[in-house]
Amino acid sequence: MDEQRSRVLDNVRKALGREQSLDADSVRNAHAQDVEQTKPPRPLWGEPVREHFLAGVREAAATSDEIAELAALPDALARFLDSHELARELTVAPHPLLSGLTWPESWTVTRGAPAHDALVGLSVAYAGVAETGTLALYSGPQSPITLNYLSDFHVVLVPAERIVPYFEDLWQMTRQEPSFPPRAINLITGPSRTADIEQTIQLGAHGPRKLHVIVVG
Amino acid sequence: MEITSQAFKSQARGALADEQLQQALTRLKTGFIDKRLDAVNRYPDFEALREQGARIKDHTLAHLDSYLERFESRVTEAGGQVHWAPDGTSACRTIVDICRHAEARRVTKSKTMAGEEIALNQALEAADLEVVETDLGEYIIQLAKEPPSHIIAPAVHKTRQQISELFDTYHHRGALKAKLREVSELVTEARKVLREQFLSADVGITGANFLVAETGSVITVTNEGNAELTNTLPRVHIVIAGIEKVVPDLDDADVLLRLLARSATGQAMSAYTTLSSGPRRPDDLDGPTEFHVVLMDNGRSKTLGGEFRQMLRCIRCGACLNHCPVYGAIGGHAYGWVYSGPMGAVLTPLSVGLDKSLDLPNACTLNGRCGAVCPVKIPLPDLLRDLRERQYEQKLTPSATRYGLSAWAFLARRPRLYQWATGLAARALSLVGARRGAFRRLPLAGGWTSVRDFPAPQGRTFMQAWRRQGRR
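Residues numbered from 1 in each chain as written. Chains lettered and ligands numbered in written order. Predicted model: local features only at pLDDT ≥ 70, side-chain atom pairs only at ≥ 80, totals over all residues. Heavy atoms only, no water.

### Examining the interface of chain B and chain A
Between chain B and chain A, the residue contacts involve 102 residues of the former and 76 residues of the latter. A buried area of about 7,400 Å², summed over both sides, lies between chain B and chain A, and 56% of it is on carbon and sulfur atoms. At the boundary of chain B with chain A, the tally comes to 11 salt bridges. Across the pair Glu214 of chain B and Arg175 of chain A runs a salt bridge, and its minimum N-O distance is 2.6 Å. For the pair chain B and chain A, the interface holds 44 residue pairs in polar contact (both at pLDDT 80 or more). The element best represented in the side of chain B that touches chain A is helix H10 (residues 183–200) of chain B, accounting for 10 residues. Across the side of chain B that touches chain A, the residue classes break down as 44 nonpolar, 27 polar and 31 charged. (Contact = heavy atoms within 4.5 Å. Buried area = accessible area lost by both parts, 1.4 Å probe. Salt bridge = Lys/Arg side-chain N within 4 Å of Asp/Glu carboxyl O. Polar contact = N/O pair within 3.5 Å; in protein donor to acceptor, adjacent residues only side chain to side chain. Helix = DSSP H or I, 4+ residues; strand = E, 2+ residues; numbered from the N terminus. Nonpolar A, V, L, I, M, F, W, Y, C, P; charged D, E, K, R; others polar.)

### Describing the packing of aromatic side chains
Residue and element names in this part refer to chain B. Going through the model one piece at a time under the given rule, you end up with 11 aromatic pairs over all chains. Taken together, a centroid distance of 5.9 Å and an interplanar angle of 80 degrees make the contact between Tyr43 and Phe46 edge-to-face. Across the pair, exposure class does not vary: Tyr43 and Phe46 are buried alike. Ring pairs connect the aromatic residues Phe8, Tyr327 and Tyr335, which therefore count as one cluster. (Phe/Tyr/Trp six-rings, centres within 6.5 Å; stacked < 30°, edge-to-face > 60°. Buried < 20%, exposed > 50% of the residue type's maximum accessible area, 1.4 Å probe, protein only.)

### Section: the pattern of salt bridges
All chains considered together, the criterion is met by 35 salt bridges over all chains. With a shortest N-O distance of 2.8 Å, Arg258 of chain B and Glu168 of chain A are connected by a salt bridge. Here Glu168 of chain A lies in helix H7 (residues 167–174) and Arg258 of chain B lies in helix H12 (residues 250–264), a pairing that spans two chains. Arg74 of chain B serves as the salt-bridge partner of Glu77 of chain B, at 3.3 Å between the closest nitrogen and oxygen. Taken together, the residues Glu77 of chain B and Arg74 of chain B, both in helix H4 (residues 64–77) and 3 residues apart, mark about one turn of the helix. Judged by relative accessible area, which is 28%, Arg74 of chain B ranks as partly exposed. Residues participating in the shared-partner salt-bridge network are Asp10, Arg13 and Arg18 of chain A together with Asp65 and Glu69 of chain B.

Structural data, given as structure tokens:
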């Protein structure tokens, strides 16, 4: 194993004309010189960040809703479930934000990672990225990753104050987390899709067929 | 896989005569090109973004050893394991060993070109593992037992009728009598079949679009969500990646991600971009318990030290294939290996040898579109020209071509003789053919006249006409 490691690294160094790797400072300085001096253009928009985020969500073939406070979440969910003629049955991420919430008694609400045939899942996004209408989900006890992919209908709650303009802003936030990097960060932009048959876009390839984003606040 | 690039000419002829393939290729020509252009036009300054992409890749390649070491440390800190593979054989062996150690029976795979490059599926099957591709396109060609014909749309050469027939054979034992079915029906059926596979797999193998040295993260980009099911449901997640995939930090990855989806499909962002770092944490509710990354050289360090280093910038978006008139006419299989189109015409000679892929650098009209759309500004037409030069230097170019070129070079270096000779030829051809306007057949030019007429000169050469006009 170690022999293969040094073979690869030695060949790389030979190709670069040196015997050992440069020290960390030299590499950092070279990066500052070669890459950081130019700030490449990023997508621009005129409307407020929240509006642009929602526009991106819709452009990616997802649907959206807005609620003023968390207490309105069950009603918003009921609207979504009704629009797709779904039973009031869902798997909910064990997220602290949702722990104080009371669900109507007639609903079947399961907490945790979803069963393999779960139809509807509710997650809480770590953040939203306005640049492309992307949801960032951060794995951990509060956010099982299977919830984002196994359910046919995926509903994601995004606190309004956690919508950031660009991906660089997202990384600034995640870098502050003690658990960073988590096992997985999923950047989700719209529902699952494929164009592998005759270039025809078909939603619901492997992941959710429908993605519904609810902004709270 | 077996390399058939030597047979490029006959394979290209076969492709041109294949009606189903031609039907499938017409669809390719519009979709990708228009969507990419629209996405590029909506971006404030895509050219500056491309330049930054090239800068990031060049910087990383110049410090590749450091970034690979840093990536390895971060993966280890996150509880994962990095394996190094000097070539394809050792990469396959490493992966098979991990599967054996995990006592695995079933493996699901998310699309990986590095895996295709080293024929990973055959190695796994030879070790008695059941392998299932989960990208819909890859799944289709796995059923058809064919290699991919496009980097991001592996089954682009297949028509809906052919896919209906494959699904009928493998999912219904022919009970549907090869009935043509709707796209939505086919996708739903594949989803159901593959969902079962995901849930029962022991190992998930994915490729990597990028490796982030800052965090030890593996970035995968898909539209289907199959990479995520592959890297979350099975007990063991194995990543196979070329060593050139590493980038310094997340902000650099942002630049390349902005380039990738726009260049590939014209999306601002693919549906799913995922960063995987290590195995599941103690309090995680799901995820694999083992996380392995196989860093594969397989000729890349040799390319790094040579004149084709720029080729290692490639982020496998497929834009050069989509914009290549030769690829558009013959599809990917004629190229005879896993990579096709302009990038394949450079990578194949570098990987399998120039002598085994003589026609590839010549299957190019030097129209320059591939270079103009490349998100990391790889000068593909220049590299193809360099490969032609190398063929000539290594005396691999056919002797008739070599003599022809030498004769032409002899004349071209002697302007007076050149002008006299071309003047003579133009007059002679004009005397014989000016009235008819074109030649159906010409001695020594059979290659040209077999597919089109040769226009007859009208008496004077360009130089003569130019001089006369200048005098006026």
